[in-house]
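# Observations on the three-dimensional arrangement
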Amino acid sequence: MGENILTYINAFIVGGIICAIGQILIDKTKLTTARILVIFVTAGAILGSLGIYQKLVDIGGAGATVPLTGFGYNLVKGTFKDVESTGLLGAFTGGVKAAATGITAAIFFGYLTSVAFRPKAKR
Amino acid sequence: MANKKIGKQTVKLQNPPSVIATASIVGPKEGEGPLRLYFDEIIEDENFGEKSWEKAESKLMRETFSKVLKKANKTTDDLDYIVAGDLLNQCLAANFGLRESGVPFLGVYGACSTMAESMSIGSLLIDGEFAKNVVCLTSSHFCSAEKQFRFPLELGTQRPPTAQWTVTGSGGVVLSNEGSGPYITHITTGKIVDMGIKDVNNMGAAMAPAAMDTIVTHFKDTGFTPESYDLIVTGDLGAIGKEICDELIQEKGYNISNIYNDCGLMIFDRERQDAHAGGSGCGCSATVFAGFIYKKLMEGVLNNVLFVATGALLSTTSSQQGESIPSVAHAVSISNTLS
Amino acid sequence: MQKTLTKKEYQKYVDEKSPNSKLLRNMIRAFIVGGLICIVGQFITNLLKMRGLGQDETAGITSLLMILFGALLTGLNVYDDIGRFAGAGSIVPITGFANSIVSPAMEFKSEGYIMGVGAKMFVIAGPVLVYGISTSVIAGIIHFMLI
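What comes next concerns the included structure.

Scoring rules and cut-offs
- Residues numbered from 1 in each chain as written.
- Chains lettered and ligands numbered in written order.
- Predicted model: local features only at pLDDT ≥ 70, side-chain atom pairs only at ≥ 80, totals over all residues.
- Heavy atoms only, no water.
- Helix = DSSP H or I, 4+ residues; strand = E, 2+ residues; numbered from the N terminus.
- Contact = heavy atoms within 4.5 Å.
- Areas by Shrake-Rupley, 256 points an atom, 1.4 Å probe, with all protein chains shown as cover.
- Lys, Arg positive; Asp, Glu negative; His and termini not counted.
- Charge placed at Lys NZ, Arg CZ, Asp CG, Glu CD.
- Disulfide = S-S within 2.5 Å.
- Buried < 20%, exposed > 50% of the residue type's maximum accessible area, 1.4 Å probe, protein only.
- Expected span 1.5 Å × (residues − 1).
- Axes fitted to C-alpha atoms, helices over the stretch in contact; angles between N-to-C directions.
- Parallel < 35°, antiparallel > 145°, perpendicular 65-115°, else oblique.
- Nonpolar A, V, L, I, M, F, W, Y, C, P; charged D, E, K, R; others polar.
- Buried area = accessible area lost by both parts, 1.4 Å probe.
- Salt bridge = Lys/Arg side-chain N within 4 Å of Asp/Glu carboxyl O.
- Polar contact = N/O pair within 3.5 Å; in protein donor to acceptor, adjacent residues only side chain to side chain.

Turning our attention to the overall build of chain C. Counting its regular elements, chain C contains eight helices and zero strands. Mapped from its N terminus to its C terminus, chain C presents α and β elements in the order α-α-α-α-α-α-α-α. C-alpha extents for chain C along the principal axes are approximately 80 × 45 × 40 Å. Within chain C, contacts between residues separated by at least 24 positions form 53% of all contacts whose residues are at least 6 apart in sequence. When the accessible surface of chain C is totalled, it reaches about 7200 Å², and 69% of it is carbon and sulfur. Positive and negative side-chain charges in chain C, numbering 13 and 9 respectively, have mean positions lying 7 Å apart.

Before going further, it helps to spend a moment on the state of the cysteines. All names here are of chain B. Following the criterion strictly, the structure yields zero disulfides over all chains and no others. Sulfur of Cys245: no disulfide; nearest cysteine sulfur belongs to Cys263 and is 12 Å away. Not engaged in a disulfide, the cysteine Cys282 finds its nearest cysteine sulfur in Cys112; these two sulfurs lie 5.1 Å apart. Residue class for Cys282 comes out buried when judged on its relative accessible area of 0%.

Turning to helix α8 (residues 122-146) of chain C, a few remarks are in order. A rise of 1.5 Å per residue sets the reference length of α8 of chain C, with its 25 residues, at 36 Å; its end C-alpha atoms lie 34 Å apart and thus fit the reference within 8%. Taken as a whole, α8 of chain C has its buried residues at Ile124, Ala125, Gly126, Val128, Leu129, Gly132, Thr135, Ser136, Val137, Ala139, Gly140 and His143 of chain C. Considering only its buried residues, α8 of chain C is in contact with α2 (33-49), α5 (68-86) and α6 (90-116) of chain A together with α6 (94-107) of chain C.

Residues and elements named next belong to chain C. As a packed pair, helix α2 (residues 23-50) and helix α4 (residues 79-86) sit with axes 8 Å apart at the nearest point and diverge in direction by 135°. As judged from the angle between their axes, α2 and α4 are oblique. Of the residues in α4, those in contact with Arg29, Ala30, Val33 and Ile37 of α2 are Tyr79, Ile82, Phe85 and Ala86. The residue inventory of the contact of α2 with α4, partitioned by class, reads seven nonpolar, no polar and one charged.

The partner chain A presents 69 residues to the 69 residues of chain C that form the contact. Counting each side, the surface lost to burial between chain C and chain A is near 5800 Å², with a carbon and sulfur contribution of 78%. On the surface where chain C and chain A come into contact, there are two salt bridges. On the surface where chain C and chain A come into contact, there are 13 residue pairs in polar contact (both at pLDDT 80 or more). Elements supplying a minimum of two residues to the side of chain C that touches chain A: α2, α3 (55-75), α4, α5 (88-91), α6, α7 (113-120) and α8 of chain C. Broken down by element, the side of chain C that touches chain A gets its largest block of residues, 17 residues, from α2 of chain C. Within the side of chain C that touches chain A, the residues separate by chemical class into 43 nonpolar, 20 polar and six charged.

Here's what the structure looks like:
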């Protein structure tokens with residue numbers, strides 16, 4: 001049980017720090033959402049390929065995998081796995097394979113919800 | 001040629017047209033603001049019974065048009081021209097909202113300066129005896145503007161404190177060669193000014209130099225001073241833009257602080273309403289003029305007003321290409337008396 | 001006559017006049033909300049692991065559920081309110097990725113289901129996939145050459 005609580009605390013801290021870094025980028029550089037997300041997924045992929053992000057995942061668990069950097073890390077992890085087992089072709093198969101659930105869920109649920117709901121005016 | 005042009009950019013009208021009626025319809029948020037009692041109609045929700053934001057804005061324009069005609073006791077047969085425009089691509093709201101009007105139509109784009117631009121053109125048409133009655137009209141809609149210029153409504157983003165809030169609303173006026181005022185006496189047409197501001201979330205700062213340029217030019221061309229007016233009002237500079245404009249004008253040797261206000265600050269209560277630096281959009285200056293300022297002129301509380309609508313002439317393409325924001329401001333001088 | 005500001009001087013003047021975002025306040029909010037979203041992810045992960053699911057399955061189902069939550073909260077007109085408060089705290093987590101797909105799709109539904117919903121859902125997600133996948137391919141090729 002004690003170990004369980006620790007995973008939550010670690011997830012909170014690591015995830016929180018990653019988001020706070022995003023906030024600095026937004027406030028200091030006036031970047032838009034699209035740019036922030038692209039930067040984070042790319043940064044995750046690069047840190048993942050350097051083996052750095054794995055350490056963050058080991059510590060933070062979901063705190064490192066839930067932010068979009070984790071998506072980039074996941075792409076690279078899958079790519080490396082396939083490259084190691086099937087060679088160069090793996091560079092083109094591994095990434096999307098590993099991220100398949102996320103991509104498919106995002107498209108499918110995204111489609112369903114946008115068909116079902118309407119945007120509401122802000123005041 | 002009658003010498004109507006005075007100075008560099010100003011026309012002194014020889015047959016000053018009267019503003020014989022105005023009408024304004026605003027959205028729910030504007031209807032909770034400090035000027036709520038002055039608007040003709042406050043719609044209950046932003047959809048306005050339509051299926052898209054663009055259709056809702058077109059309807060705003062259409063309803064304002066029929067309202068202002070009714071208030072002026074005119075029919076479309078009495079009208080010589082409609083001069084109208086809005087913010088949406090190809091002036092969608094004006095073109096579709098007024099397509100059934102059956103009146104000769106001049107579509108104009110001056111971004112948020114459209115109200116003063118259309119009133120300028122309308123006044124020139126009447127002064128030149130090309131027209132007897134002209135309707136000048138514009139609109140903006142928070143949701144359609146967000147969709148076109150910024151982000152989808154449901155995207156979870158933060159607005160920086162310098163950002164402004166597009167007014168949902170439409171305002172229109174009927175200008176006529178007959179009438180007993182208030183009269184449009186002078187028109188100062190602004191030139192495009194670009195001081196290199198690129199931040200689309202700080203339009204007030206981008207537009208302030210254009211407003212300053214037009215106001216100062218107006219003083220120089222006409223020989224008027226700040227004392228000639230009891231209100232000088234810019235369109236939608238917001239809190240930051242207004243302060244900058246005020247200071248820039250002071251540097252040029254004129255002090256307008258006491259009589260200076262901005263429609264973007266008048267329409268929302270920034271303490272109570274989430275509007276950041278203030279209101280913006282064509283509908284901002286249009287509804288504040290048609291609703292509040294016109295009524296104060298009629299009551300005689302105000303007698304001489306310089307109405308300076310300000311427009312940021314950017315497009316989504318230009319800002320994505322890293323361009324700065326060119327701006328323009330048009331001034332219309334309105335007076336209860338003819339000198 | 002009075003001096004005329006250059007563009008550079010004007011930009012400096014505007015920067016002085018314009019209030020900055022409250023960075024510290026925003027960072028704290030982003031930290032807390034982002035952290036809380038990750039705790040939800042951790043909760044799902046722990047639950048699945050307790051049921052004996054493997055590493056890959058757990059990760060897959062967790063991101064699937066997080067995306068579902070993000071999409072639903074967007075549809076229910078809640079996610080933008082969270083975003084207004086939390087900033088990056090709700091943009092950076094994968095729920096924000098779902099929000100970036102659903103919000104333009106909803107907004108452009110008025111332009112139809114193919115070019116409206118179908119095309120616009122990728123205005124933000126598209127670049128994310130382009131850069132994410134391309135980076136992973138390049139990394140994979142380099143990895144291949146190194147091993």
